[in-house]
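Each chain is listed here by its residues.
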Amino acid sequence: MNLSAWTEIAPHIPVLLRGILVNIELLLGLISLGLGVGVVTALVEVYGPRPLGWAAGAYTWFFRGVPEIVLLFLFYFGLSQFGVPVSAFFAAVLALGLRSSAYQAQIFRGALQSIPHGQMMAARALGLGRVKAIAYVILPQALRLSLAGWSNEFSSVLKDTTLAWGIGVVEVMRQASYIRARNFTLTLPIYITVALMFLVLTYVGNVAIGLAERRLRVPGLEGRR
Amino acid sequence: MKNVGVALLIAVLLAGGVAAAQPKYVVLSDIAWAPFEWVSEKGAYLGFDLDVMRAIAILEGFEIEIRDTPFDSIIPAIIAGRGDIGASGFTITDERALVVSFSEAYWNSNQAVVVRAGSGLDLEKIVSPGRILGAQRGTTGSFWIEDEWVPLGVTLVEYETYPEAILDLLAGRIDAVVQDVDPSKMAVLQYKGQIEIAAIVDTGEQFGFLVAKGDPKGILPKIESGVAELKRTGAWDLLIEAYFGPALGAIEAAWEKCIPILLVERDPLRYAQCLVAELKP
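Considering the overall build of chain A
Alright, step 1. Secondary structure summary: chain A contains nine helices and zero strands in total.
Alright, step 2. Counting from the amino terminus, chain A carries its helices and strands in the arrangement α-α-α-α-α-α-α-α-α.
Alright, step 3. The buried share among the 225 residues of chain A stands at 38%.
Alright, step 4. Restricting the contact set of chain A to residue pairs at least 6 apart, pairs at least 24 apart contribute 76%.

Some words on the overall build of chain B
Alright, step 1. When its secondary structure is counted, chain B shows 12 helices and 11 strands.
Alright, step 2. The proportion of buried residues among the 281 residues of chain B is 42%.
Alright, step 3. Long-range pairs, those at least 24 residues apart, make up 72% of the contacts in chain B with a sequence separation of at least 6.

Here we look at the interface of chain B and chain A
Alright, step 1. Contacts between the two partners involve 22 residues from chain B and, on the opposite side, 17 residues from chain A.
Alright, step 2. For the side of chain B that touches chain A, the secondary-structure elements that each account for two or more residues are β2 (38-39), β4 (63-68), α3 (71-79), α7 (162-170) and α8 (181-190) of chain B.
Alright, step 3. Of the residues that constitute the side of chain B that touches chain A, the class distribution is 15 nonpolar, four polar and three charged.

Overview of the nonpolar core
Alright, step 1. If you look at the biggest cluster of nonpolar residues, it comprises 132 residues, and the most contacted ones within it are Leu72 and Ala92 of chain A.
Alright, step 2. Sort the elements by how many residues they give to this core and helix α5 (residues 88-114) of chain A lands first, with 14 residues.
Alright, step 3. When we break this core down by domain, the ones giving at least three residues each are domain 1 (22-99 + 213-279) and domain 2 (110-204) of chain B.
Alright, step 4. Sequence-distant contacts of alanine 92 of chain A, that is, excluding residues within four places in its chain, are made with Leu26, Leu72, Ala164, Ile167 and Val169 of chain A.

Brief notes about the environment of leucine 275 of chain B
All names here are of chain B.
Alright, step 1. Inspection of the secondary structure puts leucine 275 in helix α12 (residues 268-279).
Alright, step 2. Sequence spacing of leucine 275 and proline 183 is 92 residues, and the spatial spacing of their C-alpha atoms is 20 Å.
Alright, step 3. Not counting chain neighbours up to four residues away, the residues in contact with leucine 275 comprise Leu238, Ala242, Ala254, Trp255 and Cys258.

Structural notes on the confidence of the model for chain B
Residues and elements named next belong to chain B.
Alright, step 1. Averaged over all residues, the pLDDT of chain B equals 91, while 93% of them reach at least 70.
Alright, step 2. Counting contacts from residues 12-19, a segment whose pLDDT is below 50, to residues more than four positions away or on other chains yields zero contacts.
Alright, step 3. Predicted complex metrics record ipTM = 0.82 and pTM = 0.83.

A look at unusual backbone geometry
Residue and element names in this part refer to chain B.
Alright, step 1. Here alanine 34 and proline 35 are connected by a cis peptide whose omega angle stands at 0 degrees.
Alright, step 2. On the secondary structure map, proline 35 appears in the loop between β1 (24-29) and β2.
Alright, step 3. With a phi close to 50 degrees, aspartate 215 is a non-glycine residue in the positive phi region.
Alright, step 4. Even without glycine at this site, arginine 266 takes up a positive phi of about 55 degrees.
Alright, step 5. With respect to the secondary-structure elements, arginine 266 resides in the loop between α11 (248-263) and α12.
Alright, step 6. Judged by the 14 C-beta atoms lying within 10 Å of it, arginine 266 is partly exposed.

Looking at the pairing of strand β5 (residues 85-91) of chain B
All names here are of chain B.
Alright, step 1. With six of seven residues buried, β5 lies mostly within the body of the structure.
Alright, step 2. The sheet contact formed by β1 and β5 spans two bridges and is parallel. In the strand pairing of β5, valine 27 is matched with isoleucine 85.
Alright, step 3. Where β5 and strand β11 (residues 195-212) come together, four bridges link them in antiparallel fashion. Note that in β11 the partner of threonine 91 across the bridge is phenylalanine 207.

Rules and cut-offs
- Throughout this document, residue positions are counted from 1 along each chain, in the order its sequence is written.
- Note on labels: chains are lettered from A, ligands numbered from 1, in written order.
- Whole-chain, interface and lining totals are the exception, using all residues; otherwise, since this is a predicted model, local features are given only for residues with pLDDT of at least 70 and side-chain atom pairs are given and counted only at 80 or more.
- Where helices and strands are cited, they refer to DSSP runs of H or I of at least four residues and of E of at least two residues respectively, numbered from the N terminus.
- Residues are called buried when their C-beta atom has 20 or more other C-beta atoms within 10 Å, exposed when it has 12 or fewer, and partly exposed otherwise; all C-beta atoms are positioned from the backbone.
- By the criterion used throughout, residues are in contact when their C-beta atoms, derived from the backbone, lie within 7 Å.
- Think of it as three bins: nonpolar holds Ala, Val, Leu, Ile, Met, Phe, Trp, Tyr, Cys and Pro, charged holds Asp, Glu, Lys and Arg, and polar takes everything else, Gly as well.
- Buried Ala, Val, Leu, Ile, Met, Phe, Trp, Tyr and Cys residues form a nonpolar core when they are connected through C-beta atoms within 7 Å.
- As used throughout, domain bounds are those supplied by an automatic or database domain assignment.
- The predictor's confidence in any single residue is recorded as pLDDT, a number from 0 to 100.
- Whether two strands pair depends on DSSP finding at least two bridges between them.

Here is the structure:
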């Protein structure tokens, strides 16, 4: 690898940016799906009736236990066997999103269980119903507490989006292989560029989550200033 | 009377619909294997396989949608009904023929053994105990090394992609890379003076297009008659001349200029003539 390789990369940057845009779309889709399903799963696991709690446990066990690439194949090829021809993009969002929901559920479960039980009793004593107590008292605190762990999940799934090429979603790694296929000599510089893009995205994302954490902090609650 | 009119109207609409709606087939290809299929700098899908598919579709009256798919996933996708035709330089093998149906062979491809320039290695020295050879996983190159040369004391290292194998060759971690002749020539062209083809091994390998097992949609006869027509008019040989030899950048420029003749005027022969004329020095 020499200096000229780096100048040769410049015209390919827009192509790579177009690719990483797809990764960002995948990320937004999967992380919001994971957030919604994850919160519900955690609530069911902690507060739901026993059988539902078991079902939620089985759900997280499955989606945490099966390799991502296998999930991608199951959703993309599997659903079409049942006459549901999902697009590769949608299958990727579903597979990676549901998988992420299982991990997120564990983050939220931990946070929910860390809220002292006295708060629930106090809320009930004030006349709030169980559901309202969870919605207005427990959950807002738990979600705040989850942010640190959640930033971990964010960084992790951001990079998982590159797996979507396995079922044919043309994202940044695929764009990189297009460039590489016609310029073998650029192989290393291209991947270093992709690495830099992900480093920037992870940094920006975590800074944003950090800001949110600070904004949403309830003074005195987290036991630090 | 009114009912008859409605029935007539429906019949006309149906007939019109059938005549206008050509069957549409999804063509799956791993579009990162020049010159058979690759993505141009401007993002267009081109290459020998893909242009042949486009030309056959025009000649045989069907529509195609080309979808970029990882090589390893193409056959599973066809089995799962996520695609109709595999056009990606597939070697016809007994193993694959168990699960999909192949067209007649359209290409003979042997394997090239690529070494570092000036290494002084010939086939005899390469195929000797202690040598380390690289190939892309799942390709004929890797099968060939495994079956023919590993018993002679050679070690096989497999790579996810061909360019990675070449990088390791340049880094000195392996002694040679085995890959199809045409992509190998492309690699030598790109790494001018750094690598060279030491030998070509006649593996008798043939490429075919593939469809679902038993060809339930009746696509293979169309492909075969399309190929025959391309050969009869001479367009086939012109496409070979255009795609196998010139530099990729030059092919891309010619393709961009000529492709409307194929896609808009729907004339495969004039298209192939245009490509070759554009590529003449």
